[in-house]
Amino acid sequence: AEPLLPQEENGVDGRAIRVGTRRSQLARIQTDSVVTMLRELYPDLHFEIAVAMSTTGDKILDTALSKIGEKSLFTKELENALERNEVDLVVHSLKDLPTSLPPGFTIGAVCKRENPLDAVVFHPKNCGKTLSLLPEKSVVGTSSLRRAAQLKKKFPHLEFRDIRGNLNTRLKKLDEKEDFSAIILAAAGLKRMGWENRIGQLLGPEDCLYAVGQGALAVEVRAKDQEILNMVSALHDADTVLCCIAERAFMKHLEGGCSVPVAVNTLLKDGQLYLTGAVYSLDGSDSLKETMQTGVSYPHQNEDGPNDDVQHVGITAKNVPGQAQEAAENLGVELAGLLLSKGAKHILSVARQLNDAR
C-alpha cells in the first residue's frame, strides 16, 4: 500500500480515523479485528470505533429477511454516516453487501476469508447427531432461503422453519426452547464469536453450497477518499478478492438477492479459479448447478493513471492484478449466463413470486 500523505484539509494526520459498526456483538468483534490489523499496519495513526445505531435489519425481527427485500438492510444507516463524513470506514460481512453499491461508495478491502461453510448447531439433547440422524419431522431453524432449499432436498425427513435475530438470540432460542432440533448458521460467525465448540456438523459443498461472499469481511469506504482507500487496501487478501469478485459477478448477472436461493462454491488452486454456482426453487425440487474455471495468474502491472478507480462488482483492489480481477468477474458472468441459458430465470422468478406471496 502507498504511504499515507499528510494532507491538511482532509489529513489523516493528527486526527482520529473513525470506524463505524453495528451494535450486534458479532459486528463489534468483526470491526475490532479489522481495527487491530490496521493498528498493526499503521501504529502512528489513531483509530476510534463509532458504534452505530441498530440498523433496520436489527430492528425488524418479526419479518423474514427475504420478505423485507432490502439487501441494504444492515448497511444503509452506516452508509449514511459514511456519506456525512461522520465515519471514514465501515466493516461489514461481505455477504450483507449488495452487488451494486450506491454511487460514491466502494469496498476498499476484502480481508482473508474465514471458513465459508454453513454449520449445524444442535439442541443439547441432539448432541453428537448429524442432520441425517435427526428423527423424522425434526424442526431445523434457518431464515435463509438458500439453506432451506438445498437442505429440504437433501434431508426430506426434516422440517425447516424461519428463525430470526442475531447469533446470540438464535442460539438462545435453540437452547432454551424445544421449538428447534437444530439451527443452521455460518461457521465463520460462530468461530468469530468463539463458539466453534457448538458446531455439530459442517456442511460441505455436497450438502449445501454457501452464500456469495460468506465468511469474508469487507471494508466499505468513500470511493473518492484516496487516502483512506490506500490505507485500507493493505488489508486485501488477493485470493479472497478473486473468489468473491467471481461470486458477486455471478449473483449480479443472475439478479439474485436475499429473496431467491442462489449459492456458490469457489476454489483457487494453482492459478486456476473454479466457480460452482447454483439456483434453486424454494423447496429445492428444481435446481441448476454448473462449474466453470479460468486462469487468474497475471503479473501485477502498475496501473496508475485513469484506471485507478476501477471497481469490479463494487470492489476496488489496486494491489490485485487488474487482469486477474477481470478474469474472475468474467467467470462469474459466464457461469450465470450458462445457468440462464438452461432456464435459471424461470426458477428464480417463480421462487421470487412464491416468496413474495408467503
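Up top is the structure these notes are about.
Within every chain, residues take consecutive numbers counted from 1 along the sequence as written. Only residues with pLDDT of 70 or above have their local features reported here, since the model is predicted, and side-chain atom pairs are shown and tallied only from 80 upward, although totals for entire chains, interfaces and linings are computed over all residues. Hydrogens and waters are ignored; side-chain quantities use all the structure's heavy atoms.

1. With respect to the sheet that holds strand β2 (residues 46-51)
Selection rule: Two strands are said to pair when DSSP picks up at least two bridges between them. What counts as a helix is a DSSP run of H or I of at least four residues, what counts as a strand is a run of E of at least two, and both are numbered from the N terminus. An axis is simply a line fitted to the C-alpha atoms; with a helix, the fit covers only the stretch in contact. Between two such axes, the angle follows the N-to-C directions and lies from 0 to 180 degrees.
The five strands are arranged β2-β1-β3-β10-β4 in an open sheet whose pairing can be described as mixed. Each end of this open sheet is capped by a strand with a single partner; those strands are β2 and β4 (105-110). On average, each strand axis in the sheet is inclined to that of its neighbour by 30°, with strand direction left out of account. Bridge count between β4 and strand β10 (residues 217-222): five bridges; the pairing is antiparallel. Its bridge partner lying in β10, A109 is registered against V219.

2. A closer look at helix α10 (residues 322-341)
Residues lying three or four places apart along an α-helix face the same way, a consequence of the helix completing one turn every 3.6 residues. Note the threshold: By this rule the span expected of a helix is its residue count minus one, scaled by 1.5 Å. For the exposure calls, accessible area comes from a 1.4 Å probe over protein chains only, and a residue counts as buried if that area is under 20% of its type's maximum, exposed if over 50%, partly exposed in between. We call two residues in contact whenever any of their non-hydrogen atoms come within 4.5 Å of each other.
Taking 1.5 Å of rise per residue, 20 residues should cover 28 Å, and α10 covers 28 Å from first to last C-alpha, within 8% of that figure. Those residues of α10 that sit buried are G322, A324, Q325, A327, A328, L331, G332, L335, A336 and L339. Where the residues of α10 are buried, they touch α9 (238-254), β12 (272-280), β13 (287-295) and α11 (344-357). Once α10 ends, the next one or two residues include G343, with phi positive near 110°.

3. Digging into helix α5 (residues 145-154)
Spelled out, the test is: Here a polar contact is taken to be a pair of N or O atoms separated by no more than 3.5 Å, where protein atoms must pair a possible hydrogen donor with a possible acceptor and residues adjacent in sequence count only if both atoms sit in side chains.
Burial analysis of α5 places seven of its 10 residues in the buried class, the great majority of the element. Those residues of α5 that sit buried are L145, R146, R147, A148, A149, Q150 and L151. For α5, the N-terminal capping position is held by S144, with its side-chain oxygen 3.3 Å away from the main-chain nitrogen of R146.

4. Quick word on the packing of α9 against α10
Let me state the cut-off plainly: Crossing handedness is defined as follows: a turn of the near helix away from the far one that is anticlockwise and smaller than a right angle gives a left-handed crossing, while the clockwise case is right-handed. Any residue outside Ala, Val, Leu, Ile, Met, Phe, Trp, Tyr, Cys, Pro, Asp, Glu, Lys and Arg is labelled polar, Gly included; the first ten of those are nonpolar and the last four are charged.
Where α9 meets α10, the closest approach of the two axes is 7 Å, and the angle between their N-to-C directions is 35°. Two packed elements cross with a definite hand, and for α9 against α10 that hand is right-handed. For the pair formed by α9 and α10, the contact residues are L242, I245, A246, A249, F250, H253 and L254 on the first element and A324, Q325, A328, E329, L331, G332, V333, L335, A336, G337, L339 and L340 on the second. A breakdown of the residues in the contact of α9 with α10 according to their chemical character gives 14 nonpolar, four polar and one charged.

5. Some thoughts on the pattern of salt bridges
Oppositely charged side chains can form a pair if their charged atoms are brought close together. Our working definition: The salt bridge criterion pairs a side-chain nitrogen of Lys or Arg with a carboxyl oxygen of Asp or Glu, the two atoms within 4 Å.
Across all of its chains, the model carries 14 salt bridges by this definition. The shortest N-O distance in the salt bridge between R84 and E86 comes to 2.6 Å. Judged by its relative accessible area of 35%, E86 falls in the partly exposed class. One salt bridge connects K154 with D207, and the closest N-O pair in it is separated by 3.5 Å. Here D207 lies in the loop between β9 (199-203) and β10 and K154 lies in helix α5, a separation of 53 residues in the sequence. In the salt-bridge network here, residues are joined through shared partners; they are D88, R222 and D225.

6. Observations regarding the pairing of β2
So the rule is basically this: A crossover counts as right-handed when, viewed with the strands pointing away from the observer, the path leading from the first strand over the helix to the second turns clockwise.
Bridge count for strand β1 (residues 16-21) against β2 is six bridges, and the pairing is parallel. Following the sheet pairing, G20 is matched in β2 by A50. The β-α-β motif built from β1, the intervening helix α1 (residues 25-41) and the parallel element β2 has right-handed crossover chirality.

7. Some points on the pairing of strand β5 (residues 118-122)
Most of β5 sits out of view: five of its five residues are buried. Neither face of β5 is left uncovered, since the one carrying D118, V120 and F122 and the one carrying A119 and V121 both have all their residues buried. With four bridges connecting them, β5 and β9 associate as antiparallel partners. Looking at β9, one finds that V120 is bridged to Q201.

8. Quick look at the nonpolar core
A general trend in soluble globular proteins is that nonpolar side chains are found buried together. This is how it is decided: Definition used in this section: a nonpolar core is a set of buried Ala, Val, Leu, Ile, Met, Phe, Trp, Tyr and Cys residues joined via side-chain atoms within 4.5 Å.
The biggest cluster of nonpolar side chains holds 45 residues, and the ones touching the most others in it are L94, I107, F250, L254, V262 and V279. Only β4, α9, β11 (262-269), β12, α10 and α11 provide two or more residues apiece to this core. Residue contributions to this core peak at 10 residues, all from α9. Counting residues in each nonpolar core, the second largest holds 20 residues, with I17, V19, Y42 and V91 among its members.

9. Observations concerning unusual backbone geometry
At D270, a position not held by glycine, the phi torsion is positive, near 50°. Residue placement: D270 occurs in the loop between β11 and β12. Positive phi values are uncommon outside glycine, yet V313 reaches one of about 40°. Looking at the element boundaries, V313 is found in the loop between β13 and α10. Look at V313 and you get buried, because its relative accessible area is 5%.

10. Structural notes on the sheet that holds β11
Within the open sheet, the three strands sit side by side as β11-β12-β13. Their pairing is antiparallel. Lying at the two open borders of the sheet, with one neighbouring strand each, are β11 and β13. On average, each strand axis in the sheet is tilted by 15° relative to the strand beside it, whichever way the strands run. Strands β11 and β12 of the sheet are contacted by α9, whose axis makes an angle of about 150° with β11. Against the sheet, α11 contacts β11, β12 and β13, and its axis sits at roughly 50° relative to β12.

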